[in-house]
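Close look at the chain arrangement
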Amino acid sequence: MNFPPMLSHQVPYGQKSTFFTRRIAVSLILLMSGVTLLAMLMVVGIAWRQNEEAVKQESFLLHNAWQDARQELMTNIRDYAFWGEAWNHLHLTMDKVWAFEQQNLGPGLYSEFHYDGVFVVDGEGRTTYSVVNGQLDDLQLESWLGIQTAPLIARARLLAKEEGATSLNTLIGSTPAIVAAAPITTGKVPGLKARSGPPSVMVFVSRYTPEKLAQFGRTVGVMNARVPGNAQDTATEPFLLEAVFDGMPVVIRWDSQQPGRALLLLLLPVLLLAAVMLALVTRRVIRHAMYNARLCDERFLQLIHSQHELAVSEARFRDVAETASDWIWETNAEGVLTYLSRRFTVATGFAVEKLLDKSIDAILQHDTQPVSEWLFQHRQEGHRHTLRCYSVSASGEKRICSLVANAVETGGQISGYRGTVSDITQEIESQARIHYLSQHDALTGLPNRLYMSEFLLSRLQAQPTAEKPLVLISLDLDHFKPINDTWGHAAGDSVLNEVSHRLRSVLKAGDLVSRQGGDEFIIIVSDLNGEHEIDACCQALLDEVCRPFQLGQQEIFIGASMGIALAPDDAMQADELLRLADIALYKSKREGRNRWTWYSAEMAEQLVLRREMERNLRKAIAGNELKLFYQPRYCLRNTRLDGAEALIRWEHPSHGLIMPDKFISLAEETGLIIDISDWVLHRACHDALGWPEPMYVSVNISPVEFRSGNLAQRVASALATSGLEAHRLELEITENITLENPQSALEVMQSLKALGVKLTVDDFGAGHASLGYLKMFPFDGMKMDRSYMSDFPHSPQALSIVEGIIGLGKAFSLTVTAEGIETQEQLQELQAIACQEGQGYYLGRPMPLDRFRQLLDAPCDIVRS
Ligand code: C2E
Ligand code: MG
Ligand code: MG
């Protein structure tokens, strides 16, 4: 998948939301933590400030109370010292009765005002009156207070003029105390006696014991006011310093009420709880947000992926649309074209723009209904519908098309149609061609075996009658193979084509001629009445085939053998009918070709017999039932026995001696000829070894052996096994061998010649070969077919033919052997016209080996048997 390029500092695609949500979450956590911390700090700050304020307030109150206490002490002492009676009883004289007992300055000050010490110090500084803790005492003020009191007394006397009294803070031991002093004056009582010297000074001392100090604190709402118990307590807040006249200040400690602490105790848990709750909620929110972010990222990725896929898909569609041989179309619900792929122009030659907004019928037509109508009939979405229609291209060419359509549904309504159009013209034509080819022969254009089978079946289904039979003719060309071999396959093909035309020309329209392969044809004719018409048809066919074929400057002749089978007379099954026609054809061939044969039940019997014979022949080879007869061959010039032709016989245990013409062709057809010929070669070579040199033996070789491929090895093996010299063996080969496959025949003959054996043309003149082969093939001699002897020597024509053949042999340096010499006359005439060799009943019939041996031993050259 290709994403847009991403810079290194950028967040990868698909993680952006997660990344930013995480950042927001972190910020949120920090913010929340900060706010919570700030709130806590503020609460703590407020608490601290509250505590501070409380301490200040308490300190202020305590201080004021202390000052009030001092003021009150001063006020009270002023009352007592600014009194004429006191002047009289305490300054001028010391009247302790008046003072103490009469309660004027007695225990009431202790019990009522809690003044721990009440003293009067006279002008000389002596303590003249002292009441301590409500008890009259004679303690000196200085010793009781434990401080220098002279400055105090002096200050009291000094301040007396303005304020009338003075006070100071002091510590008695460790107990703080307020000491107030006032000079005793006459008050406002006039006329009192004066006394020289400084006035006596009245001193009140209020000691603040721990209980009293605590009580003092409580009066102003200060808890546990006290003197610090130790240095640490002294250093701890809050404390109040009250200056003393001299010496260490008075320190008062108390327990502040600390309202901030209460606030903290109240608010902090709430805040903490709120923070925890907030943290939990935040965690949940963040987790939810992260989950959503991840989901968002995933969806984003999916989206990108989908977009990519979509882009790829679109590109693919575009490519397919443009490269496919089909063109793609789209119409609206009314069948008006809204899209055509560019391929359309290539396929039809029309510009896309020309056809857009036109009905689909403008480009596609159908024989029975407009294409748009067909579209409307197939409204089911998701179902492909195919229609074979056609279009006419810009060049006017009619093209067969396959239209595939699909209805497009939008919101439950058919909103249009889309699909493809393939040009299937070629396909249709190819199919038709394939169909045609599958049923016709490519060379001749005739129906082939397949077509023929179907045709035959259909004709048989029509139930032919004995009066109007279905005639099946199996036709095989005679002597066609040599055309291929001699003139080449092109010539063979043109002959086959010509034959096809000629056969066709004989038949009527409803008849059939098919080529089965090679030079075999089947002809099916159905409206011939009676044997006469069928014979006439066969004759016409034969006449056509026998007419010369022109190959260049050359005229060629072939023939035909035919076999006829009738339905329903012979069979009603196609296969059976074909088989029977083949049997009849076979008979035609066996009986000399160029003819037709009606199938008859006996033929099948003969066929059965042949099969049986084949079986027996196999047994004969193994069971040593084959024998060799030898027919002497003479040199006619001096009538000397030169050699013999080996001729096979089958000594059948029950049928007696069977001649070769009864089983050789069967052996050739079945391939048994190879085994038979091997036996003959070995036997003949072996037998000839016992004959006087240079007497030779000639062995007949079948054309089938020439095709088998290993004839030379087999001959070599027979020579080697027997030890016979190669020049004493002659092989008789019919001239037809030169027609079938001249090149391979030549090669086989050359390898035979290389062995040193002689090669002779057997039955010369009986075949169809042209004389050219005599020059081309390495023959040593020719055996004139015995048919030439029938009118010889009486017929001048026969005589001249024989003379011609002898001349021909001489011309080609071939030894000419006359076969079939049956009379002395023939022998003499042949001798007269200088035929080199002779063979025939007159000279000697084929005979068993022992008799031939006797012949060898006989004194006379020519022995008539
Ligand atoms: P062929 O090679 O032309 O053999 C000569 C045939 O002519 C022999 O018939 C022989 O008996 C017969 N014949 C010889 N002189 C006369 C005569 O004066 N008058 C008449 N009317 N006939 C005469 P046969 O033995 O029946 O052989 C027939 C053919 O069978 C042979 O014709 C040869 O083509 C074939 N044949 C015989 N033996 C073999 C064999 O071992 N192998 C193969 N492949 N073919 C063989
Ligand atoms: Mg022969
Ligand atoms: Mg012969």
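Residues numbered from 1 in each chain as written. Chains lettered and ligands numbered in written order. Predicted model: local features only at pLDDT ≥ 70, side-chain atom pairs only at ≥ 80, totals over all residues. Heavy atoms only, no water.

The name that an unreviewed UniProt entry assigns to the protein chain is EAL domain-containing protein, with the source organism given as Erwinia aeris.

Side note on the overall build of the protein chain
The test is simple: Strands are runs of DSSP state E lasting at least 2 residues, helices are runs of H or I lasting at least 4, and numbering of each runs from the N terminus. In this treatment the radius of gyration is a C-alpha quantity, and the globule benchmark scales as 2.2 Å times the residue count to the 0.38 power. Relative accessibility under 20% of the residue-type maximum defines a buried residue, over 50% an exposed one, and the middle range a partly exposed one, all with a 1.4 Å probe and only protein chains included. Contact criterion: two residues are considered in contact whenever any of their non-hydrogen atoms come within 4.5 Å of each other. Every accessible area reported is derived by Shrake-Rupley at a probe size of 1.4 Å, with residue values counting cover from the shown protein chains alone. Note that His is not counted, nor are the chain ends; the positive residues are Lys and Arg, and the negative ones are Asp and Glu. One atom stands in for each charge, and that atom is NZ of Lys, CZ of Arg, CG of Asp or CD of Glu.
Scanning the protein chain from terminus to terminus reveals 29 helices and 31 strands. Here the protein chain has a C-alpha radius of gyration of 78 Å; the compact-globule value for 865 residues is 29 Å, and the former is much larger. On the principal axes, the C-alpha backbone points of the protein chain span a range of 235 × 75 × 50 Å. By residue count, 44% of the 865 residues in the protein chain fall in the buried class. Contacts spanning at least 24 positions in sequence make up 63% of the contacts within the protein chain whose residues lie at least 6 apart. With an accessible surface of roughly 44400 Å², the protein chain has 54% of that area assigned to carbon and sulfur atoms. Between the mean site of the 79 positive side-chain charges and the mean site of the 104 negative ones, the protein chain shows a separation of 7 Å.

Quick word on the UniProt feature "domain: GGDEF" (unreviewed entry) in the protein chain
Applicable threshold: UniProt positions are given in the numbering used here, feature names are shortened, and annotations may be inferred rather than shown by experiment.
Mapped onto this numbering, the UniProt entry annotates "domain: GGDEF" (unreviewed entry) at residues 468-601. Here residues 468-601 is 45% helix and 30% strand, with 21 Å between the C-alpha atoms at its ends.

Considerations on the coordination of the magnesium ion (ligand 3)
What counts here: Only N, O and S atoms count as donors, using a 2.8 Å limit from the metal and a wider 3.2 Å limit for Na, K and Ca, and since water is excluded some coordination spheres may look unfilled.
Taken together, the protein ligands of the magnesium ion (ligand 3) are Asp 762 (OD), Asp 763 (OD), Glu 819 (OE) and Glu 819 (OE), with distances of 2.0 to 2.7 Å. A separation of 3.5 Å is found between the magnesium ion (ligand 3) and the magnesium ion (ligand 2), both of which receive a donor from Asp 762. Linking Asp 763 in strand 27 (residues 758-764) with Glu 819 in the loop between strand 29 (815-818) and helix 28 (824-832), this pair joins segments that are 56 residues apart in sequence. Judged by relative accessible area, Asp 763 falls into the partly exposed class, the value being 25%. Owing to a relative accessible area of 7%, Glu 819 belongs among the buried residues under this scheme.

Here we look at helix 7 (residues 210-219)
For clarity, the cut-off: The arc refers to the directions leading from the helix axis to the C-beta atoms.
Of all the residues in helix 7, the buried ones are Leu 213, Ala 214, Phe 216 and Gly 217. Along the long axis of helix 7, the arc covered by the buried residues comes to 155 degrees, so they all point the same way. Exposed and facing more than 90 degrees away from the buried side of helix 7 are Glu 211 and Thr 219. Summarising the contacts, the buried residues of helix 7 are in contact with helix 1 (16-81), strand 5 (175-183), strand 7 (223-226) and strand 9 (250-255). Of the residues flanking the end of helix 7, it is Gly 221, one or two places downstream, whose phi is positive at about 80 degrees.

As for the pairing of strand 27
As a reminder, the rule being used: Two strands form a pair only when DSSP identifies at least two bridges running between them.
Of all seven residues in strand 27, five are buried; the element is thus mostly enclosed. Inspection of the sheet shows strand 26 (residues 729-734) paired to strand 27 by five bridges, in the parallel sense. Looking at the pairing, Glu 730 lines up with Lys 758 of strand 27. Two strands pair when backbone bridges link them, and strand 27 and strand 28 (residues 781-784) are joined in this way by three bridges, in the parallel orientation. Along strand 28, the bridge assignment pairs Phe 764 with Met 784.

Overview of a nonpolar patch on the surface
As a reminder, the rule being used: The residues that make up patches have over 30% relative accessible area and no salt bridge, and they are joined within 9 Å when like-charged or within 5 Å when they are Val, Leu, Ile, Met, Phe, Trp or Tyr. By convention in these notes, a salt bridge is any Lys or Arg side-chain nitrogen within 4 Å of a carboxyl oxygen on Asp or Glu.
Judged by side-chain polarity, Phe 19, Phe 20 and Ile 24 come together as a nonpolar surface patch covering roughly 280 Å² of accessible area. Along the chain, Phe 19 turns up in helix 1. On the accessibility criterion, Phe 19 (30% relative accessible area) is partly exposed.

Let's talk about the coordination of the magnesium ion (ligand 2)
Distances from the magnesium ion (ligand 2) to its protein donors, Glu 645 (OE), Asn 700 (OD1), Glu 732 (OE) and Asp 762 (OD), fall within 2.1 to 2.3 Å. Read N to C, the donor residues that coordinate the magnesium ion (ligand 2) are spaced as E-x54-N-x31-E-x29-D. Given the relative accessible area of 28%, Asn 700 is considered partly exposed.

Overview of the site of ligand 1
Keep this limit in mind: Residues are labelled near a given molecule or strand when at least one of their non-hydrogen atoms is within 4 Å of it. Here a polar contact is taken to be a pair of N or O atoms separated by no more than 3.5 Å, where protein atoms must pair a possible hydrogen donor with a possible acceptor and residues adjacent in sequence count only if both atoms sit in side chains. For this classification, the nonpolar set comprises Ala, Val, Leu, Ile, Met, Phe, Trp, Tyr, Cys and Pro, the charged set comprises Asp, Glu, Lys and Arg, and every other residue, Gly included, is treated as polar.
If you check the shell around ligand 1, you find 21 residues, and the closest are Asn 700, Asp 762, Arg 786, Glu 822 and Tyr 841. One of the side-chain nitrogen or oxygen atoms of Asn 700 is found 2.8 Å away from an oxygen atom of ligand 1. Contact between ligand 1 and Asp 763: an oxygen atom at 2.9 Å from a side-chain N or O atom of the residue. Protein coverage of the free-state accessible area of ligand 1, which is 790 Å², stands at 85%. Within the shell around ligand 1, the residues separate by chemical class into eight nonpolar, five polar and eight charged.

Overview of the sheet that holds strand 6 (residues 201-207)
Put simply, the rule reads: Between the N-to-C directions of two axes lies an angle of 0 to 180 degrees, each axis being a line fitted to C-alpha atoms and, for a helix, fitted only over the stretch in contact.
Taken together, six strands build an open sheet; the order of strands is 3-2-1-6-5-4 and the sheet is antiparallel. With partners counted over all chains shown, the strands left at the sheet margins are strand 3 (135-137) and strand 4 (166-172), one partner each. Within this sheet the neighbouring strands show an average axis-to-axis angle of 20 degrees, counted without direction.

As for the sheet that holds strand 16 (residues 512-517)
Within the open sheet, the five strands sit side by side as 16-17-15-20-21. Their pairing is mixed. Looking at strand neighbours, the two that pair on one side only are strand 16 and strand 21 (595-598), the edges of this open sheet. Going across the sheet, the axis of each strand differs from the next one's by a mean of 20 degrees, ignoring polarity. Sheet topology places strand 16 next to strand 17 (residues 520-525); five bridges connect them, and they run antiparallel. Counted as the bridge partner of Arg 515 is Phe 521 from strand 17. Along the sheet, helix 18 (residues 574-590) contacts strand 15 (470-478), strand 17, strand 20 (559-567) and strand 21; its crossing angle with strand 20, the most-contacted strand, is approximately 145 degrees.

Topic: the pattern of salt bridges
For the structure on display, the rule yields 28 salt bridges. A salt bridge links Arg 126 to Glu 124; the shortest N-O distance between them is 3.6 Å. Here Glu 645 ties to Lys 783 by a salt bridge, and the two come within 2.8 Å at their closest N and O atoms. Placement of Glu 645 in strand 23 (residues 640-652) and of Lys 783 in strand 28 is noted, with a sequence separation of 138 residues between them. Lys 783 shares its class with Glu 645; the two are buried. A single network of salt bridges, built from pairs that share partners, joins Arg 633, Glu 645, Glu 730, Glu 732, Lys 783, Glu 819 and Glu 837.

Focus on the domain arrangement of the protein chain
The test is simple: All the domain ranges listed were derived from an automatic or database domain assignment.
Split into domains, the protein chain comes out as domain 1 (1-72 + 257-287), domain 2 (73-255), domain 3 (313-429), domain 4 (442-599) and domain 5 (617-856). When each unit is reduced to the centre of its C-alpha atoms, the spacing between domain 2 and domain 4 is 172 Å.

Here we look at the environment of Glu 730
Relative to the helices and strands, Glu 730 is located in strand 26. Overall, the relative accessible area of 6% leaves Glu 730 in the buried class. Separated by 27 residues in the primary sequence, Glu 730 and Val 757 have C-alpha atoms spaced 5.8 Å apart. With residues near it in sequence (within four places) discarded, Glu 730 still touches Arg 633, Tyr 696, Val 697, Ser 698, Val 699, Lys 758 and Thr 760. At a separation of 2.6 Å, a polar atom in the side chain of Glu 730 contacts the side chain of Thr 760.

Details of unusual backbone geometry
The omega angle of the peptide bond from Ala 567 to Pro 568 is 10 degrees, so this bond is cis rather than trans. Along the polypeptide, Pro 568 turns up in the loop between strand 20 and helix 18. For the bond running from Glu 693 to Pro 694, omega is -5 degrees, close enough to zero to count as cis. Turning to its location among the elements, Pro 694 is positioned in the loop between helix 21 (672-688) and strand 25 (696-701). One non-glycine residue, Asp 357, lies in positive phi territory at about 70 degrees.

Let's talk about the side chain of Thr 348
Structurally, Thr 348 is set in helix 10 (residues 343-348). For Thr 348, a relative accessible area of 5% translates into the label buried. Among the polar contacts made by the side chain of Thr 348, one reaches the main-chain amide nitrogen of Phe 350 at a distance of 3.2 Å. Ignoring any residue separated from it by four or fewer positions in sequence, one finds Thr 348 in contact with Trp 327, Ile 363, Ser 393 and Ala 394.

Focus: the packing of helix 1 against helix 9 (residues 259-323)
Which entries qualify depends on this criterion: When describing relative orientation, an angle under 35 degrees is termed roughly parallel and one over 145 degrees roughly antiparallel, while 65 to 115 degrees is termed roughly perpendicular and anything else oblique.
Contact geometry for helix 1 and helix 9: axes closest at 9 Å, N-to-C directions at 175 degrees. Judged by the inter-axis angle, helix 1 sits roughly antiparallel to helix 9. Among the residues making up the contact of helix 1 with helix 9, the classes are represented as 25 nonpolar, eight polar and five charged.

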